[in-house]
Each structure stands twice: as structure tokens, then as C-alpha cells.
Amino acid sequence: RMTQPAPRRHILAFGAALAFQETVGRAAIAQRARDLTSQLMAGLSKMPGIKMWTSPAPELRAAIVSFLPGTLGANKLATALYEKDKIGIATRGGQDRPGLRVSPHFYNSPAEVDRLLAAVSGYLKSGI
């Protein structure tokens, strides 16, 4: 029995994802992402040594939070979060706002943001 090649399945999945987003509504999706971003920023702002690059003004930011993780190395923290906590985030290198980047979206939950915050806080206290 023959199956569809992978690219065709991906196209079908993409259409289903778009249909689901239309059902939820773009405004609701955008609001959820903004709420999760605000939750993440509020939690990070309470942690010692965290330097946030993302604007504190909601009207000047998107659903992306970029920050330096205090005394922790960004690459080491990203690796620990992925390997030990099963949390995937991106690293940002270079001279312009290096550190970590988190992109919460509507499919994430407030509990997942809390889990990330707890993990970062734990590593800040105990090291990696």
C-alpha cells in the first residue's frame, strides 16, 4: 500500500492548522500570546540579575521575550532547560542583545510559563 509523500501530508496539516486558528480567532490568539508574554516578563523581572531586552511596554512588544540569564551562560542554560526540563528555547548570540529568546504562543499554557520560570529560578539559585 502506498502512502502520501511527506510534503503532501505537511500541506494537509498546514491547512488544518489554519482552519483551527480561524476557529479560535486571530484576536483571541494574539491576546493569549500577549498574556503569556506578560506573565513571563513579570516572573523574570522578579529574578536577580536577569536583564530583559524586550520592552516592558505591551504596545511595543510582540510575543517574544529576550533576556540575559544573570550569571548563567545562555547556551548552558538553554541546554539544561532542554535536556533536564524538556523546555525548548532559542539562544541569541552576537553583540546585539545576546542571551535567550522565548516565544510563547496560544498553544502554550500559563502552567508551562510557570514551569519555565521555576526552572530558570532554580538554576539561578543552584547553578547548572
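Note: the structure precedes this text.
This structure is a prediction, so every number in the text was calculated from the model and none was measured. (Residues numbered from 1 in each chain as written. Predicted model: local features only at pLDDT ≥ 70, side-chain atom pairs only at ≥ 80, totals over all residues. Heavy atoms only, no water.)

Describing the layout of surface pockets
Taken as a whole, the largest pocket holds about 270 Å³ of empty space. For the largest pocket, the lining is made up of 15 residues, of which Ile87, Gly88, Val102, Asn108 and Glu112 are closest to its centre. Elements that contribute at least two residues to the lining of the largest pocket include exactly strand 4 (99-102) and helix 4 (110-126). For the lining of the largest pocket, the element with the highest residue contribution is helix 4, accounting for 4 residues. Residues that form the lining of the largest pocket fall into these classes: 8 nonpolar, 3 polar and 4 charged. (1 Å grid on protein atoms, 1.4 Å probe; cavity = no way out; pocket = protein on both sides within 12 Å on 5 of 7 lines; lining within 4 Å. Points joined across faces, edges and corners; volume = space filled by probe spheres on them. Helix = DSSP H or I, 4+ residues; strand = E, 2+ residues; numbered from the N terminus. Nonpolar A, V, L, I, M, F, W, Y, C, P; charged D, E, K, R; others polar.)

A few points about unusual backbone geometry
We note that lysine 86 has phi near 60 degrees; this positive angle belongs to a residue other than glycine. Of note, lysine 86 is situated in the loop between helix 3 (74-85) and strand 3 (90-92). The exposure class of lysine 86 is exposed, given its relative accessible area of 63%. (Buried < 20%, exposed > 50% of the residue type's maximum accessible area, 1.4 Å probe, protein only.)

Brief notes about the sheet that holds strand 4
Taken together, 4 strands build an open sheet; the order of strands is 1-2-4-3 and the sheet is antiparallel. Pairing within the sheet leaves two strands with one partner each, and these edge strands are strand 1 (50-52) and strand 3. Each adjacent strand pair in this sheet contributes to an overall mean axis angle of 35 degrees, direction not counted. As paired elements, strand 2 (residues 65-69) and strand 4 share 3 bridges and run antiparallel to each other. Paired with phenylalanine 67 across the two strands is leucine 100, which belongs to strand 4. The strands that helix 2 (residues 26-45) touches are strand 1, strand 2 and strand 4; relative to strand 2, the one it contacts most, it runs at about 20 degrees. (Pairing = 2+ DSSP bridges. Axes fitted to C-alpha atoms, helices over the stretch in contact; angles between N-to-C directions. Contact = heavy atoms within 4.5 Å.)

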